[in-house]
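Tertiary structure, described
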Amino acid sequence: LSIAMLGKTNVWTGISHAKLQKAEDKLVELSAVDPALFKSYQVDIDFDDEDYLAHSFAPSFFCRSKKPKSSNYIWTYEIGDRDAGKPTVVMIHGYGLSAMAFYRAFSKLSEKYHVILIDLLGFGRSSRPQFKATTIEE
C-alpha cells in the first residue's frame with residue numbers, strides 16, 4: 001500500500017497519512033485477507049474547476065487520466081485479480097465512513113468475488129475538494 005503521492009496531512013482532521021496507513025494496514029490484517037491480494041490506489045477525477053456536485057452522478061464521473069485536470073481523486077481498493085474469472089462487486093460506504101468500514105466482509109466476499117471498494121469524494125483517503133460556496137444557500 002503506497003501513499004507516496006499524497007500530502008502529509010488530511011487537511012480536515014489533521015490526521016497524518018502515515019497514521020491513516022498504519023490503521024488501514026491493521027484492518028487489512030484483521031480482515032484475514034492475503035495482503036498480496038489487497039491493492040489500493042488513487043483514481044483521478046477528470047473535471048475542471050467547476051463544482052464537483054454538478055458532475056457527481058454523471059456516468060463519466062470516474063475516469064483514469066495520465067494528466068488530471070484537477071487535484072481531486074477517488075481512493076480505490078481492490079481485493080483479488082480482476083482477470084481471475086470471478087464476478088466483480090463494487091462497494092460504496094455510507095456518509096461519514098470509508099471503504100475500510102467493510103473490513104470484516106473482505107475475506108468472505110473475496111472468496112467468490114473480485115471486490116472493488118471506493119472512498120467517496122471527501123471521505124477516507126479520497127481528496128477533499130475546495131468548495132466555492134460562501135452562504136448556506138449556495
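Our subject is the structure that appears above.
Residues numbered from 1 in each chain as written. Predicted model: local features only at pLDDT ≥ 70, side-chain atom pairs only at ≥ 80, totals over all residues. Heavy atoms only, no water.

Examining the overall build of the protein
Scanning the protein from N- to C-terminus turns up two helices and four strands. The buried share of the protein, reckoned over its 138 residues, is 36%. Counted over contacts in the protein with a minimum sequence separation of 6, partners at least 24 positions apart contribute 73%. Accessible surface computed for the protein: about 9000 Å², of which carbon and sulfur atoms make up 57%. (Helix = DSSP H or I, 4+ residues; strand = E, 2+ residues; numbered from the N terminus. Buried < 20%, exposed > 50% of the residue type's maximum accessible area, 1.4 Å probe, protein only. Contact = heavy atoms within 4.5 Å. Areas by Shrake-Rupley, 256 points an atom, 1.4 Å probe, with all protein chains shown as cover.)

Remarks on the nonpolar core
Counting residues in hydrophobic clusters, the biggest one holds 14 residues, and the most contacted among them are Phe 38, Tyr 77, Ile 79, Met 100, Phe 106, Val 115 and Leu 117. When residues of this core are traced back to their parent elements, those giving at least two are strand E2 (73-79) and strand E4 (114-119). (Core = buried A, V, L, I, M, F, W, Y, C linked by side-chain atoms within 4.5 Å.)

Overview of the sheet that holds strand E1 (residues 38-44)
If you walk across this open sheet you meet the four strands as E1-E2-E4-E3, and the pairing is mixed. The strands lining the two open edges of the sheet, one partner per strand, are E1 and strand E3 (88-92). Recorded for the sheet is a direction-independent mean angle of 25° between the axes of neighbouring strands. (Pairing = 2+ DSSP bridges. Axes fitted to C-alpha atoms, helices over the stretch in contact; angles between N-to-C directions.)

Description of the packing of aromatic side chains
Applying the stated criterion across every chain, the model contains four aromatic pairs. The interplanar angle of 75° and the centroid separation of 5.3 Å between the aromatic rings of Tyr 95 and Phe 123 together place this pair among those described as edge-to-face. In this pair, Tyr 95 sits in the loop between E3 and helix H2 (106-112) while Phe 123 sits in the segment after E4, placing the two residues 28 residues apart along the sequence. An aromatic cluster is present here, built from Phe 38, Tyr 77 and Phe 106 joined pairwise through their rings. (Phe/Tyr/Trp six-rings, centres within 6.5 Å; stacked < 30°, edge-to-face > 60°.)

Looking at unusual backbone geometry
Unlike most non-glycine residues, Ala 32 shows phi in positive territory, near 70°. Checked against the element boundaries, Ala 32 lands in the loop between helix H1 (17-31) and E1. You can call Ala 32 exposed: its relative accessible area is 59%.

Side note on H1
Taking 1.5 Å as the rise per residue, H1 with 15 residues should run 21 Å; its terminal C-alpha atoms sit 21 Å apart, in good agreement. All of the buried residues along H1 are His 17, Gln 21, Glu 24, Val 28 and Ser 31. What you see down the axis of H1 is that its buried residues fit within an arc of 80°, all on one side. The exposed residues of H1 that point more than 90 degrees off its buried face are Ala 18, Lys 19, Lys 22, Glu 29 and Leu 30. Those residues of H1 that are buried lie in contact with E1, E2 and H2. (Expected span 1.5 Å × (residues − 1). Arc of directions from axis to C-beta.)

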